[in-house]
Amino acid sequence: MFLKKKFTHLASKEQDEAKTLNIKKKQKRRSDDKKARLTNQQRMLIYRSEVEEIKTDIEKLAKSSNKIANTYAAILEEGAKRLHEIKKFWFEFDREVVKDGYSERFKTYVSEAFVKYMNNYIKQRDTLQDKLQLANVSLRARIAKFRFQLQKKEEMGEDLHEVDFDQLKIENAQFLARIDEKNQELLQLKLQGAKFAFNLNRDKAILKEIQSQDDSLRADFAKWADLINLIDAETLRAQQEIDQETQRNKQLKARLESYKAPSVRDYISLVNDRTAITKNNVKLEHGLNLIKIDNQQQMLIWKELKEKAYLTS
């Protein structure tokens, strides 16, 4: 309703401005009829006055157009906010009342959900109203403060004299000189900063190269360390093998030193004993073979006896 009133008010205002422009056009036509009976100087004066009037009309029209455009923008912004609030209200209402407030048991909507939602909504609106009131009070206080400051400045401006303006000009010139000096110092500092930045970038590049070399050397050192550890392990294993072989060599030397060769008589006796043992072994093997053959024959006889006993039974 508020937006509708705004639009109707603006439309009526535009119609009034259009009527005033039509009236001015008619007056211009009448003045054109009168110009035919005027001198050139009078016509020039009339033209100038008309040009000034047209300029003032254009300025007024531009101001009114800007004001109307700003009003339209404010109305559109307010309408967008109201639309957003309505959508938000409908979304929350649908979520909390329509969906959550529906009772599957009674197949209807629960009134408590609607009452709860409306109470929360009213509380939110009251909170928003309080915030807006506080903001309004704050804005009014700021406006009053700015008006007081503006009034004070205007009063001070009325009290200023020509001497004060000269003093202000001198101070302004001094401040401008100081500003130029500070600008020169700032320029020098910028140049020094650029130089420092160049040196810093160069040092960073050198440091990066040194770091890459250091990383490469560290990798080489790690490889050499692994190789040294491998060599140490191989050396330790070889030393252990050398120690084992040395110990074995010592044992063999000790056995060799303690070894005594038998005499010829003992050797012949041992050979004879070996020959006798070999012959005895051959005899025993021959007897064992005979026993095996006899055992096989006995087994065959035993099988035949078993078969005969089985047949007779």
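Residues numbered from 1 in each chain as written. Predicted model: local features only at pLDDT ≥ 70, side-chain atom pairs only at ≥ 80, totals over all residues. Heavy atoms only, no water.

As recorded in an unreviewed UniProt entry, the protein chain goes by the name Cilia- and flagella-associated protein 263, listed as coming from Cichlidogyrus casuarinus. Reading the Subcellular location (unreviewed entry) entry of the UniProt record for the protein chain gives the comment "Cell projection, Cilium". Annotation of the protein chain in UniProt includes, under Sequence similarities (unreviewed entry), the sentence "Belongs to the CFAP263 family." (UniProt positions renumbered as here; feature names shortened; annotations may be inferred.)

The subject of this paragraph is the overall build of the protein chain. The secondary structure content of the protein chain amounts to five helices and two strands. Starting at the N terminus and ending at the C terminus, the protein chain contains elements arranged as α-α-β-β-α-α-α. For the protein chain, the proportion of contacts with a sequence separation of at least 24, taken over those separated by at least 6, is 50%. Entry remark: accessible area of the protein chain is about 29,100 Å², with carbon and sulfur atoms responsible for 59%. (Helix = DSSP H or I, 4+ residues; strand = E, 2+ residues; numbered from the N terminus. Contact = heavy atoms within 4.5 Å. Areas by Shrake-Rupley, 256 points an atom, 1.4 Å probe, with all protein chains shown as cover.)

Moving on to the pattern of salt bridges. Side chains that carry opposite charge are capable of pairing whenever their charged atoms lie near each other. Taken as a whole and judged by the stated rule, the model has five salt bridges. A salt bridge links Lys81 to Glu77; its shortest N-O distance comes to 3.9 Å. Taken together, the positions of Lys81 and Glu77, both in helix H2 (residues 40–99) and four residues apart, correspond to about one turn of that helix. A salt bridge links Arg237 to Glu241; the nearest nitrogen and oxygen atoms lie 3.0 Å apart. Here Arg237 pairs with Glu241, and both are found in helix H4 (residues 162–258), just four residues apart, close to one helical turn. On the basis of relative accessible area, Glu241 is assigned to the partly exposed category, the value being 39%. (Salt bridge = Lys/Arg side-chain N within 4 Å of Asp/Glu carboxyl O. Buried < 20%, exposed > 50% of the residue type's maximum accessible area, 1.4 Å probe, protein only.)

Quick look at H2 now. For H2, spanning 60 residues, the distance from its first C-alpha to its last is 84 Å, which sits close to the expected 88 Å at 1.5 Å a residue. The largest bend along H2 reaches roughly 30° and is located at Phe93. Glu50, Ser64, Ile68, Ile75, Glu92, Phe93 and Val97 are the residues of H2 that are buried. (Expected span 1.5 Å × (residues − 1). Bend = angle between axes of the 7 residues up to and from the residue.)

Moving on to the side chain of Glu92. Assignment of secondary structure puts Glu92 in helix H2. Buried charge Glu92 goes without a salt bridge, the closest partner of opposite sign being Lys88 at 4.4 Å. The contact partners of Glu92, leaving out residues within four places of it in the chain, are Val97 and Tyr117. (Lys, Arg positive; Asp, Glu negative; His and termini not counted.)

Moving on, we come to a nonpolar patch on the surface. On the surface, Trp224, Leu227, Ile228, Leu230 and Ile231 cluster together into a nonpolar patch covering about 510 Å² of accessible area. The topology assignment puts Leu230 in helix H4. (Patch = residues over 30% accessible without salt bridge, like charges linked within 9 Å, V, L, I, M, F, W, Y side chains within 5 Å.)

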